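Per-entry structural report
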Amino acid sequence: MQPLLTIGVRAARRAGDLIARSLTHLDSLKIDTKGRNDFVTDVDRKAEAEIIAIIRKSYPAHAVLGEESGRSGTSETLWIVDPLDGTTNFLHGFPQFAVSIAVEHKGRLECAVVYDPMRQELYTAVRGGGAQLDGKRIRVSSQRGLEGALIGTGFPYRMAPEHVDPYLAMLKAVMAVTAGVRRPGSASLDLAYVAAGRTDGFFEFNLKPWDTAAGALLIREAGGRIGTPSGADYALGPNVVAGNPKVYAALLETLGPHVPADLRD
Ligand code: IPD
Ligand code: CA
Ligand code: CA
């Protein structure tokens with residue numbers, strides 16, 4: 001295995017084990033609120049500290065961007081870490097959350113790990129080496145368009161009020177032409193599902209680089225597309241459309257008329 005990936009996998013499994021063990025004492029967790037509907041616990045912080053300690057042991061000079069601790073270091077190699085993606089689910093014992101770790105070198109995504117500690121499913125990718133689930137090659141679905149497609153999304157629960165109606169218009173447009181829409185609640189895992197062909201496409205707005213970086217490489221390496229609602233290539237930005245190539249194109253077309261100007265890129 002590629003050395004960066006070996007370390008990423010070790011860190012993701014270690015954090016995932018900590019998260020899984022913490023589920024047994026959810027009632028005693030101290031929950032802080034970072035913003036409206038934005039929660040953080042000691043589990044998020046401890047998981048991130050574990051991940052960063054493992055990275056630093058092997059790569060002391062690399063930079064890290066972690067959701068909970070921010071950016072540290074100035075290297076051209078940057079680890080992008082969401083220690084617990086799906087904290088709201090976790091807090092409710094709703095078993096859909098993940099650890100997400102990506103490595104970017106000189107602005108290009110090189111390596112991705114998304115680990116689901118409930119199913120113990122490990123999604124990995126190295127640029128140019130394909131995407132894997134538990135070591136087996138995965139591909140995006142072969143769905144030819146939106147008819148019959150299963151689409152993932154994220155509801156705009158932290159979105160500016162003026163964006164709610166446009167989002168509902170998008171949801172309505174997609175619901176009208178697909179087999180179903182799901183809101184599982186962990187963006188990194190939502191993207192991993194597109195890579196694995198479990199869903200055919202995905203769209204969400206106002207995400208952070210740590211929600212999407214690993215999932216983006218998984219999708220590319222699984223033969224899919226990920227970009228902005230205006231059709232530009234994904235570049236760690238907040239607004240994301242993804243899918244197998246056909247569903248990606250169809251989603252851009254269906255969402256396009258409803259996407260407000262400030263959510264296009
Ligand atoms: C959240 C999840 C969720 C998405 C939110 C993210 P967090 O991450 O990915 O699916 O809709 O926008 O903030 O806060 O649980 O790490
Ligand atoms: Ca997240
Ligand atoms: Ca998080």
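Look above for the structure.
Cut-offs and rules
- Residues numbered from 1 in each chain as written.
- Chains lettered and ligands numbered in written order.
- Predicted model: local features only at pLDDT ≥ 70, side-chain atom pairs only at ≥ 80, totals over all residues.
- Heavy atoms only, no water.
- Helix = DSSP H or I, 4+ residues; strand = E, 2+ residues; numbered from the N terminus.
- Rg over C-alpha atoms; globule rule 2.2 N^0.38 Å.
- Buried < 20%, exposed > 50% of the residue type's maximum accessible area, 1.4 Å probe, protein only.
- Contact = heavy atoms within 4.5 Å.
- Donors = N, O, S within 2.8 Å, 3.2 Å for Na, K, Ca; no water.
- Phe/Tyr/Trp six-rings, centres within 6.5 Å; stacked < 30°, edge-to-face > 60°.
- Lys NZ or Arg CZ within 6 Å of the ring centre and 35° of its normal.
- Pairing = 2+ DSSP bridges.
- Axes fitted to C-alpha atoms, helices over the stretch in contact; angles between N-to-C directions.
- Near = heavy atom within 4 Å.
- Polar contact = N/O pair within 3.5 Å; in protein donor to acceptor, adjacent residues only side chain to side chain.
- 1 Å grid on protein atoms, 1.4 Å probe; cavity = no way out; pocket = protein on both sides within 12 Å on 5 of 7 lines; lining within 4 Å.
- Sits in = over half its atoms within 2 Å of the grid points.
- Nonpolar A, V, L, I, M, F, W, Y, C, P; charged D, E, K, R; others polar.
- Domains from an automatic or database assignment.

Next up on the list: the overall build of the protein. Within the protein one finds seven helices and 15 strands. Relative to a compact globule of 265 residues, whose C-alpha radius of gyration would be 18 Å, the protein shows 17 Å and is just as compact. Scored against the burial criterion, the 265 residues of the protein give a buried share of 56%. Residue pairs at least 24 apart in sequence account for 62% of intrachain contacts in the protein once pairs closer than 6 positions are excluded.

As a further point, take the coordination of the calcium ion (ligand 2). At the metal site, the calcium ion (ligand 2) is ligated by D82 (OD), D85 (OD) and D211 (OD), and these contacts range over 2.1 to 2.3 Å. Going along the chain, you hit the donors of the calcium ion (ligand 2) in the pattern D-x2-D-x125-D. In this model, the calcium ion (ligand 2) sits 3.7 Å from the calcium ion (ligand 3), the two metals being bridged by D82. Note that D85 is positioned in strand β5 (residues 77-85) and D211 in helix α6 (residues 209-221), a separation of 126 residues in sequence. In terms of burial, D85 and D211 fall into one category: buried.

Using the criterion set out here, one finds six aromatic pairs in the structure. Ring centres of F155 and Y167 lie 6.5 Å apart, and the angle between their planes is 75 degrees; this geometry places the pair in the edge-to-face category. Pair noted here: F155 is in the loop between β11 (150-153) and α4 (164-177) and Y167 is in helix α4, with a separation of twelve residues, a long-range link. Owing to a relative accessible area of 43%, F155 belongs among the partly exposed residues under this scheme. A centroid spacing of 5.9 Å and a plane angle of 35 degrees characterise the contact between Y167 and F203, whose relative ring orientation is tilted. Of the two residues, Y167 sits in helix α4 while F203 sits in strand β13 (residues 201-204), which places them 36 residues apart along the sequence. Using a relative accessible area of 1% as the deciding quantity, one classes Y167 as buried. Grouped by ring-pair contacts, the aromatic residues F155, Y167, F203 and F205 constitute a single cluster. Sitting over the ring of Y193, R198 keeps its end group 5.0 Å from the ring centre.

What follows concerns the sheet that holds strand β4 (residues 70-72). Read across the sheet, eight strands follow the order β4-β3-β5-β6-β7-β8-β9-β10 without closing on themselves; strand pairing throughout is mixed. In this open sheet, the two edge strands, each paired with only one partner strand, are β4 and β10 (136-138). Between one strand and the next, the sheet's axes are offset by a mean angle of 20 degrees, whatever the strand orientation. Examined bridge by bridge, strand β3 (residues 63-66) and β5 share four bridges and lie parallel to one another. In the strand pairing of β5, L65 is matched with I80. With respect to the sheet, helix α2 (residues 42-58) is in contact with β3, β4, β5 and β6 (98-105), its orientation differing from that of β5 by roughly 150 degrees. Contacts between α6 and the sheet are confined to β3, β5, β6, β7 (108-116), β8 (121-126), β9 (131-133) and β10, with β7 contributing the most and set at about 100 degrees to the helix.

Turning to the environment of Y115, a few remarks are in order. Counting through the fold element by element, Y115 comes out in strand β7. For Y115, the residues in contact, after removing those within four places along its chain, are A12, R13, G16, D17, F97, A98, V99, Q120, E121 and L122.

A word on the site of ligand 1. D85, G86, T87, R158 and E204 are the nearest of the 15 residues found near ligand 1. Between L84 and ligand 1, the recorded distance is 3.2 Å, taken from a backbone N or O atom to an oxygen atom. Placement of ligand 1 is best described as lying within the largest pocket. Here the element with the most residues in the shell around ligand 1 is β5; it accounts for three residues. Its residues assigned to classes, the shell around ligand 1 shows four nonpolar, four polar and seven charged. Two domains each donate at least three residues to the shell around ligand 1, and these are domain 1 (2-138) and domain 2 (150-263).

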